[in-house]
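Below are the chains, spelled out letter by letter.
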Amino acid sequence: MHYFLNIGSNLGNRKLNISRALRALEESFGYFEVSRMVESRPWGFVSDNTFANVAVMVISDKQPEEVLATVLDIERRLGSGSHRDACGGYADRLIDIDIMACDETEVRTPELTIPHPHLAERRFFLEPFAELAPRWRHPVTGLTCAEMLDTLPAGDNQPT
């Protein structure tokens, strides 16, 4: 299966944090492809720290729940704490790895939703994802990443 991940960082040396995450993904999955890096303002919370994000495509026989466990373990090993503040809102993070999609399949469990429930709302997900998989289509809406990007308001979470 082809898994499309997004790696983001807005604390410390963001490029080094992403590089460490990529190295850990290589150890766990082997071959991968990575997009160019995009910068964006935080989504869903206020912070002075901008994000660096890349999309990654890995190929794995692992089931989606196993891939989730792997990326959560990588986050933990790299020292990323909670992605939530005391009130439950989003917070700054050293590293964040999200599963954006798995092929063109849909997964809905209490622990995991694929495609990512906010995929169509996040320019910093869609731009690098489109670079890696321009023909990928959302299994529910049938839209490509480029088509989803076209639906976003102008200036929505543009790079800083």
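Residues numbered from 1 in each chain as written. Predicted model: local features only at pLDDT ≥ 70, side-chain atom pairs only at ≥ 80, totals over all residues. Heavy atoms only, no water.

### Considerations on the nonpolar core
Leu5, Ile7, Leu25, Val56 and Ile99 are the most contacted members of the largest nonpolar core, which totals 24 residues. For this core, the secondary-structure elements that each account for two or more residues are strand E1 (2-9), helix H1 (14-29), strand E4 (51-59), helix H2 (64-77) and strand E5 (96-102). If one sorts the elements of this core by residue count, H1 sits on top with 6 residues. For Ile7, the residues in contact, after removing those within four places along its chain, are Ile18, Ala21, Leu22, Leu25, Ala52, Asn53, Val54, Val56, Ile95, Asp96 and Ile97. Formed by 19 residues, the second largest nonpolar core is a distinct cluster that contains Val38, Phe125, Leu126 and Leu149. (Core = buried A, V, L, I, M, F, W, Y, C linked by side-chain atoms within 4.5 Å. Buried < 20%, exposed > 50% of the residue type's maximum accessible area, 1.4 Å probe, protein only. Helix = DSSP H or I, 4+ residues; strand = E, 2+ residues; numbered from the N terminus. Contact = heavy atoms within 4.5 Å.)

### Section: the layout of surface pockets
For the largest pocket, the calculated volume is near 600 Å³. Forming the boundary of the largest pocket are 32 residues, of which Tyr90, Asp96, Asp98, His116 and Arg122 lie nearest the centre. Sorting the residues of the lining of the largest pocket by element identifies E1, E4, H2, E5 and helix H3 (123-132) as the ones contributing at least two each. Tallied by class, the residues present in the lining of the largest pocket amount to 15 nonpolar, 9 polar and 8 charged. (1 Å grid on protein atoms, 1.4 Å probe; cavity = no way out; pocket = protein on both sides within 12 Å on 5 of 7 lines; lining within 4 Å. Points joined across faces, edges and corners; volume = space filled by probe spheres on them. Nonpolar A, V, L, I, M, F, W, Y, C, P; charged D, E, K, R; others polar.)

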